[in-house]
Amino acid sequence: MNKLFRHTAAGLSAAVLAVSFSASCLTSWAEDSADPNTLTTVSLVLGEDDNYFFAKDTPGEYETLTIDTTQTNLFYMPKGYVTKEGYIFYGWTFDGIRGYSSNSVVQFDKSIRNIEIKPVLVSTEYDERVNVSFDFGKEIQLPKDFPEPYTAKIGTFISPYKFKIEDGNAFTSTYTFDGNTYSGEDYLIVPDHDVTFEAVWRHNINLTFYAGDVDRLTGGDTFVTTGAEGTSTELSAADRFGRIGYDITGWTSDYDGETYLPGQTVSNLPGVDITYTAVWSPKKYNVVFNQGTGKVADNIKVPGYTDTTIVCPEPTVSKEGKYFAGWKNASTGDIYQPGDEYFIYGVAPGLGIAFTPVWSDTPVDTTSKKPVFGDADLSGDITVSDIVTILQYAANKEKYPMDAEALRNSDVNFDTVVDAKDAGIVQLIEAGILGNTEEDLIQPSGN
């Protein structure tokens with residue numbers, strides 16, 4: 001049985017539930033500790049001299065809700081509906097412009113301090129109507145189910161066309177009227193003048209992710225996906241591209257110049273294509289010198305970043321009857337002596353850098369002697385003579401042999417072969433165009 005309510009201003013109450021936590025907790029917390037300038041009061045208002053019947057599924061008591069807008073700006077409209085003799089109930093409103101169905105979620109402007117919910121009731125005794133039409137700003141092919149211009153009764157609820165309409169690279173799914181924007185899920189309370197929904201056109205766009213002009217990539221350098229103007233998108237993750245020795249730590253947009261985090265959500269996309277270029281950061285490695293004891297605690301770990309050098313350590317263990325002869329790089333097989341500098345070029349993702357000890361049956365001179373790259377004749381200086389020495393060796397190794405130290409100094413492109421390519425690089429060193437450190441000769445990434 002419906003219950004008759006006669007309300008006065010003094011006896012007014014409201015029923016709204018805050019999203020994600022109880023109304024009672026929210027109200028209590030807000031009143032006790034919040035800034036009054038952030039508190040919004042939501043209440044149900046019915047006419048002082050009108051009789052209303054509440055539907056059976058509508059709670060008989062409504063408690064005014066105080067919302068702290070620093071926590072949320074959402075609330076629910078009342079459940080159920082009210083009836084009034086000679087009127088039809090359409091829903092609820094708090095501004096007289098937008099309509100809401102029962103128990104629907106409302107998002108309000110945080111600057112509003114007082115919200116009064118009122119029922120939208122339209123008299124059955126009159127039928128004043130206004131014209132409803134659409135303006136797309138251009139000639140387009142409309143869907144077959146698109147409504148013809150029609151009339152709507154003042155005070156009732158209407159919505160614009162709810163499906164997306166496309167025209168080439170542009171699309172619309174929202175419309176404006178009297179300064180407000182509506183989608184097909186929104187209700188407009190029909191005003192006392194004609195309604196023309198003006199289409200808001202947006203564009204489909206391409207989002208290009210580019211690795212940049214960098215070296216050591218392990219796969220492709222470009223990935224293209226699509227987006228839509230005015231929407232949000234999640235940027236590619238840090239593993240979009242692979243690069244030896246480097247991680248992606250950001251994406252720089254060519255639209256606004258801003259750098260965003262991998263996986264970050266970017267909102268309100270513009271109507272133009274955007275290219276996001278990867279920001280690379282060198283990886284930190286713990287270079288492991290495994291002393292071969294089988295005990296993890298005996299391993300020596302030397303930290304360093306890609307494209308920097310570390311100094312190979314002295315061993316801290318010995319092997320009975322053996323002599324330490326150096327550290328062998330597990331990947332390249334090169335032997336390094338304690339005190340030698342090791343240039344961290346980086347390794348493929350998922351791999352590490354490790355050295356193992358080399359043991360000899362006879363004593364070995366492990367005094368560190370750094371190579372002088374380009375010094376093929378072992379004179380201590382880089383001159384034209386070094387270029388000639390390398391070219392002679394490349395032409396006839398038997399007639400112009402080189403010892404191990406000279407070969408190590410001459411292999412300036414680190415391909416394990418001494419040939420005319422190395423002579424060309426030494427020519428650049430001799431001319432002062434290129435340095436002769438390992439960092440100079442292993443070309444940097446550009447970052």
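Structure: see above.
This is a predicted model, so every value here is computed, not measured.

Draft legend 1. Representation of the overall build of the protein chain. In terms of regular secondary structure, the protein chain is built from five helices and 31 strands. Counting every position in the protein chain, which comprises 447 residues, the buried fraction comes to 39%. Long-range pairs, those at least 24 residues apart, make up 67% of the contacts in the protein chain with a sequence separation of at least 6. By element, 49% of the accessible surface of the protein chain is carried by carbon and sulfur atoms, the whole surface being about 24300 Å².

Draft legend 2. Geometry of the sheet that holds strand S13 (residues 157-158). Reading across from one edge, S8-S17-S13 is the order of the three strands in this open sheet, with antiparallel pairing throughout. Each edge of the sheet is formed by a strand with only one pairing partner; in this case those strands are strand S8 (98-99) and S13. Sheet topology note: the S13/strand S17 (residues 187-189) ladder contains two bridges and is antiparallel. Bridged to Ile158 within S17 is Leu188.

Draft legend 3. Main features of unusual backbone geometry. Despite not being glycine, Asn103 shows a phi value in the positive range, around 65 degrees. Assignment of secondary structure puts Asn103 in the loop between S8 and strand S9 (105-107). One non-glycine residue, Asp178, adopts positive backbone phi at about 50 degrees. Relative to the assigned elements, Asp178 resides in the loop between strand S15 (170-177) and strand S16 (180-183). For Asp178, a relative accessible area of 53% translates into the label exposed.

Draft legend 4. How the structure looks around the layout of surface pockets. Size it by volume and the largest pocket reaches roughly 970 Å³. Every residue lining the largest pocket is counted, 34 residues in all, and those nearest its centre are Asp334, Tyr336, Phe373, Phe414 and Glu438. Counting residues per element, the ones that place at least two in the lining of the largest pocket are strand S29 (335-336), strand S30 (341-343), helix H3 (404-410) and helix H5 (438-441). Taken together, the residues that form the lining of the largest pocket break down as 17 nonpolar, nine polar and eight charged.

Draft legend 5. How the structure looks around the pattern of salt bridges. On inspection of all chains with the given rule, the structure shows eight salt bridges. Between Asp215 and Arg216 there is a salt bridge whose closest N-O contact spans 3.2 Å. For Asp361, the salt bridge identified is with Lys322, shortest N-O distance 2.4 Å. Note that Asp361 is positioned in the loop between strand S31 (354-360) and helix H2 (384-395) and Lys322 in the loop between strand S27 (309-311) and strand S28 (323-329), a separation of 39 residues in sequence.

Draft legend 6. View of the sheet that holds strand S10 (residues 114-123). Spatial ordering of the open sheet is given by S4-S2-S10-S7, a layout of four strands whose pairing is mixed. Only two strands of the sheet have a single partner each, and these edge strands are strand S4 (65-68) and strand S7 (87-93). Direction aside, the axes of adjacent strands within the sheet are offset by 25 degrees on average. Pairing of strand S2 (residues 39-44) with S10 involves four bridges; the strand directions are parallel. Residue pairing for S10: Leu44 is matched across the bridge by Ile117.

Draft legend 7. Quick look at the packing of aromatic side chains. For the coordinates displayed, the defined rule picks out 32 aromatic pairs. Seen from their ring centres, Phe209 and Trp251 are 5.1 Å apart, and the 75 degrees between their planes marks the pair as edge-to-face. Highlighted residues: Phe209 in strand S18 (residues 195-210) and Trp251 in strand S21 (residues 246-253), separated in sequence by 42 residues. The pair formed by Phe209 and Trp251 is uniform in burial state, with each residue classed as buried. Measuring from ring centre to ring centre gives 5.6 Å for Tyr336 and Phe355, while their planes differ by 90 degrees; the resulting arrangement is edge-to-face.

Draft legend 8. Inspection of H2 at higher detail. For H2, built from twelve residues, the straight-helix expectation of 16 Å at 1.5 Å per residue is met to within 8% by its first-to-last C-alpha distance of 17 Å. Among all positions of H2, only Asp386, Ile387, Thr389, Ile390 and Tyr393 are buried. Buried residues of H2, seen end-on, are gathered within an arc of 160 degrees and therefore sit on one face of the element. Its buried side turned inward, H2 meets H3 and helix H4 (420-430).

Draft legend 9. How the structure looks around the nonpolar core. By size, the foremost hydrophobic cluster in this structure holds 21 residues, and its most contacted members are Phe136, Ile158, Tyr175 and Phe197. Secondary-structure elements contributing two or more residues to this core are strand S11 (129-135), S15 and S18. Leu207, Ala211, Tyr276 and Trp280 belong to the second largest nonpolar core, which has 17 residues in total.

The rules behind these values
In this convention, every chain numbers its residues from 1, walking through the sequence in written order. The model is predicted, so local features are restricted to residues of pLDDT at least 70 and side-chain atom pairs to those at 80 or more, both for listing and for counting; the totals for chains, interfaces and linings are taken over all residues. No hydrogens and no water enter the side-chain calculation; it runs on all heavy atoms of the structure. Under the scheme used here, helices are H or I runs from DSSP no shorter than 4 residues and strands are E runs no shorter than 2 residues, and both carry numbers assigned from the N terminus. A simple rule labels every residue: compare its accessible area, found with a 1.4 Å probe on the protein chains alone, to the largest value its type can have, and call it buried under 20%, exposed over 50%, or partly exposed in between. Should any heavy atoms of two residues lie within 4.5 Å, those residues are counted as being in contact. Only the protein chains shown count as cover for residues, and all accessible areas are computed by the Shrake-Rupley method using a 1.4 Å probe. Strands qualify as paired when DSSP identifies two bridges or more between them. Here a cavity is any set of points on a 1 Å grid over the protein atoms alone where a 1.4 Å probe fits but cannot get out, and a pocket is any open set with protein on both sides within 12 Å along at least 5 of 7 lines; a residue lines the site when it has an atom within 4 Å of a point. Grid points are joined across faces, edges and corners, and a volume is the space filled by probe spheres set on the points. Each residue is assigned to one of three groups, with Ala, Val, Leu, Ile, Met, Phe, Trp, Tyr, Cys and Pro labelled nonpolar, Asp, Glu, Lys and Arg labelled charged, and all others, Gly among them, labelled polar. When a carboxyl oxygen of Asp or Glu lies within 4 Å of a side-chain nitrogen of Lys or Arg, that pair is called a salt bridge. For helices, the fitted axis covers only the stretch in contact; all axes are lines through C-alpha atoms, and the angles between them, taken along N-to-C directions, range from 0 to 180 degrees. The rule is short: rings of Phe, Tyr and Trp, with Trp giving its six-membered ring, pair when the centres are within 6.5 Å, and they are stacked under 30 degrees, edge-to-face over 60, tilted in between. Take the residue count of a helix, subtract one, and multiply by 1.5 Å to get its expected span. The directions considered for the arc run from the helix axis to the C-beta atoms. Joining through side-chain atoms within 4.5 Å is the link that ties buried Ala, Val, Leu, Ile, Met, Phe, Trp, Tyr and Cys residues into a set, and such a set is a nonpolar core.

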